[in-house]
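Survey of secondary and tertiary structure
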Amino acid sequence: MDLLEYQGKQLFGRAGVSVPDGEPARDVETAVAAADRIGYPCVVKAQVQIGGRGKAGGIKVAKDAEEARAHAEAIIGMNIRGPRGEGPFTVHEVWIEEASEIDAEYYASIILDRSAKKPLVILSRMGGMNVEEIADTDPDALVRRHVDPTKGLTTDEARTIGIDAGIDDDVVDGVAEILVKLYEAFAANDATLIEVNPLIVTAGREVVALDAKVTIDGNALFRHQDLAEIADTVEDPQEAMAKEKGLTYVKLDGNVGILANGAGLCMSTLDVVAQAGGAPANFLDAGGGSKAEAIVNALEVIKSDDKVTAILFNIFGGITRCDEIAKGIVTASSQLDLDLPLVVRLDGTNSEEGLRILAEADLPNLHQEKTMLDAARRVVELAGGAS
Ligand code: GDP
Ligand code: MN
């Protein structure tokens, strides 16, 4: 789970890492009131789970209330794409923060290096640009050091990292202290990534985290009540809807909606669609013994994802009866006013009856295929180019 910048900063604040004062706001009036309280100049920052907001116009300095209003109006509701074209992410919230006078911009991160089975600390004196750029332009400016997770990061080790990275002498201690606290926060919160870019030195030579990117291991949320509550609010709308309906659903990036019964068949269906050159939009296990109502619910969730341009049903009847599924498809098509192409492959228990029901319903956008591979090829063709 990715935290928004300000949620990350609140976590930093609790860990004793200096962050600028700020307040979140979801509408323009709240944003202006927050700016008035914080004072000017202040910074209006788009809160989306993607970097590169500065370049995209999602971060603006306001010198008075009028500018704060204009920036909040421009930023709330804007769509931001990531540096690699990810998204777009709509800005629903801004973070109003006191402006900082920047003397130097550093880069600091801690990631879980799975291959080494250890956390990896990265520090550079070249902040502001992204880590790939730093690696390209000046690889020597990046210091990378593994941490023994059984021992943690000591102040001495952190200081050595700071010195090796060429951090200004007068702030090496300050940077080291922050690295240690970030490491403690990383471990205590089951994070897989903490990135501070830029970690700044202010005009007063204080070290402050000016940005925060934090990813928490979703499987560890059960032991972090505070973070689990955030997860509920940042959850993807389709995933939230599926959870409400009691479905096992995971959203993916593609445009081919998928419904299969049983986790195993569902996984294989994703693979076969990918093999046919398509991009699955989701994993959705209709479960064993799926009834018509469950099919309606499932289709409703799949359909609510705007990216989906075609849907594949891959059902192998066992406990699940294909005639039930077919009835569900027919009901759902009329109830949901389904205008997307539907490719159906039914096999197993009562499949003949199921196929007969579908044939009789004579749905104009329904296509039947006999094998999984044919069904995958067909749905990919009907879905058009990958989104
Ligand atoms: P990102 O573009 O999504 O990574 O967002 P950041 O929070 O890293 O902000 C991008 C850039 O905006 C930073 O690298 C800074 O140069 C600049 N910036 C952000 N906050 C302030 C501020 O308080 N004062 C000044 N002068 N610049 C800021
Ligand atoms: Mn940044």
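Quantities reported herein were computed from a predicted structural model and do not represent experimental measurements. (Residues numbered from 1 in each chain as written. Chains lettered and ligands numbered in written order. Predicted model: local features only at pLDDT ≥ 70, side-chain atom pairs only at ≥ 80, totals over all residues. Heavy atoms only, no water.)

Let's talk about the coordination of the manganese ion (ligand 2)
All of the protein donors around the manganese ion (ligand 2) are N197 (O) and D211 (OD); their distances to the metal are 2.2 Å. A residue pair is termed long-range when its members are at least 10 positions apart, and N197 in strand β10 (residues 191–202) and D211 in the loop between β11 (207–209) and β12 (213–216) qualify at 14 residues. For the pair shown, N197 and D211 are each scored as buried. (Donors = N, O, S within 2.8 Å, 3.2 Å for Na, K, Ca; no water. Helix = DSSP H or I, 4+ residues; strand = E, 2+ residues; numbered from the N terminus. Buried < 20%, exposed > 50% of the residue type's maximum accessible area, 1.4 Å probe, protein only.)

Some points on the packing of helix α2 (residues 28–38) against helix α3 (residues 65–75)
Running from N to C, α2 and α3 point in directions that differ by 145°, and their axes come no closer than 9 Å. Classified by chirality, the crossing of α3 by α2 is right-handed. Touching V28, E29, A31, V32, A35 and D36 of α2 are A65, A68, R69, A72 and E73, all from α3. The residue makeup of the contact of α2 with α3, split by class, is 7 nonpolar, no polar and 4 charged. (Axes fitted to C-alpha atoms, helices over the stretch in contact; angles between N-to-C directions. Left-handed = near helix turned anticlockwise from the far one by under 90°. Contact = heavy atoms within 4.5 Å. Nonpolar A, V, L, I, M, F, W, Y, C, P; charged D, E, K, R; others polar.)

Structural notes on the environment of E93
Examined against the element boundaries, E93 turns out to sit in the loop between β5 (89–90) and β6 (94–98). On the basis of relative accessibility, which here comes to 10%, the residue E93 falls in the buried class. Sequence spacing of E93 and A31 is 62 residues, and the spatial spacing of their C-alpha atoms is 9.3 Å. A distance of 2.8 Å separates the side chain of E93 from the side chain of Y6, its partner in a polar contact. (Polar contact = N/O pair within 3.5 Å; in protein donor to acceptor, adjacent residues only side chain to side chain.)

Examining the site of ligand 1
Around ligand 1, 15 residues are found, and the nearest of them are K45, R53, G54, S100 and E105. Separating an oxygen atom of ligand 1 from a side-chain N or O atom of K45 is a distance of 2.7 Å. A distance of 2.9 Å separates an oxygen atom of ligand 1 from a polar side-chain atom of E105. Surface burial for ligand 1 is 76%, taken as the share of its 570 Å² of free accessible area covered by protein chains. (Near = heavy atom within 4 Å. Areas by Shrake-Rupley, 256 points an atom, 1.4 Å probe, with all protein chains shown as cover.)

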